[in-house]
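Summary of the model geometry
This is what each chain is made of:
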Amino acid sequence: MSDTKREETLVLIKPDALKNSLTGYVLSQLAEFHTGLRFAATKIVRVDKMLAEEHYEEHRGKIFFPSLLEYITGMLHYPGEPWRQRVIAIVYQGENAIKLIREIAGPTNPHVARDEKPGCIRAMGTVVPLKDDDGNVVGERMDNLIHASANEADADREIKLWFTPNDIPPSMRSYETEKNEDFYYLMDNKLYTEHKAGSTCFLAPGNIAWKSDLEALRLIAQGNEAACSFEAVVAKYLINE
Ligand code: GTP
Ligand code: MG
């Protein structure tokens, strides 16, 4: 993204914020009047495992990764209540949006947030000990209410991971789009370019898609490596399916 006036960031209001009825508080901290930014898109998302894994891809393999997936999918805060397992995803746009929202969010660890930046959103979060089957503490989980993209590359990847172009008004889109000319189908997490019984068509000719997604799909369809995984492309088309 070259136009800094239209810099975009992905904000997620996480399940702990929903559970503690802090959505109004978080949104008031993010009010356009205070930030000078513009809401470009928003949706309620039931986060599936594929989307969660792609979103937190950089943490794959770390000790806290499984609990992070359980957290962001809402399994921890709403076990047995799938109708409540949601996050609120927002694309927020304007000059310096990434840095501004990271500052309002505050440090990752809520204890650190309270010490170093009282008043930031994450100062209202909590740290939960993780225990093994014998009750020994083996780590911790940071319930920090909100996600905000950390830098331009992350924002680019994350916004295209969670949103299709059609979720964002055309006049507000900051990333390149392209009109798709092929059929793309999904079955058992695999890509097909021809219909197979039981497959789902997730992109058809005439659909507007992120240019980078179509570049990736063309490569993947030919059996080549792409800049991102097939999961990263397809996850957004499975949201709330
Ligand atoms: P997000 O906005 O959620 O991406 O947080 P962040 O950018 O401030 O931190 P980062 O991307 O490094 O980590 C993503 C999430 O993983 C955090 O929100 C935490 O919930 C969790 N996390 C990150 N680092 C640690 C850690 O060292 N220990 C534990 N237990 N959890 C961590
Ligand atoms: Mg992060």
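Going by the structure above, here's the rest.
Residues numbered from 1 in each chain as written. Chains lettered and ligands numbered in written order. Predicted model: local features only at pLDDT ≥ 70, side-chain atom pairs only at ≥ 80, totals over all residues. Heavy atoms only, no water.

1. Observations concerning the nonpolar core
- One finds Trp162, Ile168, Phe202 and Leu217 to be the most contacted residues of the largest nonpolar core, which totals 44 residues.
- Take this core: its biggest share by element is six residues, from helix 10 (residues 230–238).
- Ile168 has contacts with Ala40, Ala41, Val91, Ile159, Phe163, Arg173 and Trp210, leaving out every residue within four places of it along the chain.
- Core analysis: the second largest hydrophobic core is formed by 19 residues, Leu22, Val26, Leu30 and Leu37 among them. (Core = buried A, V, L, I, M, F, W, Y, C linked by side-chain atoms within 4.5 Å. Buried < 20%, exposed > 50% of the residue type's maximum accessible area, 1.4 Å probe, protein only. Helix = DSSP H or I, 4+ residues; strand = E, 2+ residues; numbered from the N terminus. Contact = heavy atoms within 4.5 Å.)

2. Examining the packing of helix 8 (residues 152–162) against helix 10
- For the pair helix 8 and helix 10, interaxial distance at closest approach is 7 Å and the crossing angle is 45°. Relative to helix 10, the element helix 8 lies oblique. From helix 8, Lys160, Leu161 and Trp162 reach across to helix 10, where they touch Ala232, Ala235 and Lys236.
- Residues that form the contact of helix 8 with helix 10 fall into these classes: four nonpolar, no polar and two charged. (Axes fitted to C-alpha atoms, helices over the stretch in contact; angles between N-to-C directions. Parallel < 35°, antiparallel > 145°, perpendicular 65-115°, else oblique. Nonpolar A, V, L, I, M, F, W, Y, C, P; charged D, E, K, R; others polar.)

3. A word on the site of ligand 1
- Taken together, 14 residues lie near ligand 1, and Tyr56, Arg102, Thr108, Glu140 and His147 sit nearest.
- Here an oxygen atom of ligand 1 sits 2.5 Å away from a polar atom, N or O, in the side chain of Thr108.
- Contact between ligand 1 and Glu140: a nitrogen atom at 2.5 Å from a main-chain N or O atom of the residue.
- Expressed as a share of its isolated accessible area of 590 Å², the protein-covered part of ligand 1 is 81%.
- Secondary-structure elements contributing two or more residues to the shell around ligand 1 are strand 5 (137–143) and strand 6 (146–148).
- Considering only residue class, the shell around ligand 1 consists of five nonpolar, four polar and five charged. (Near = heavy atom within 4 Å. Polar contact = N/O pair within 3.5 Å; in protein donor to acceptor, adjacent residues only side chain to side chain. Areas by Shrake-Rupley, 256 points an atom, 1.4 Å probe, with all protein chains shown as cover.)

4. Here we look at helix 6 (residues 97–105)
- Among the residues of helix 6, those classed as buried are Ala97, Ile98, Ile101 and Ala105. Buried residues of helix 6, seen end-on, are gathered within an arc of 95° and therefore sit on one face of the element.
- Buried residues along helix 6 sit against strand 1 (8–13), helix 3 (32–35), strand 3 (87–93), strand 6 and helix 8.
- Once helix 6 finishes, Gly106 follows within two positions and takes phi at roughly 95°, a positive value. (Arc of directions from axis to C-beta.)

That's the geometry; what it means functionally is another story.
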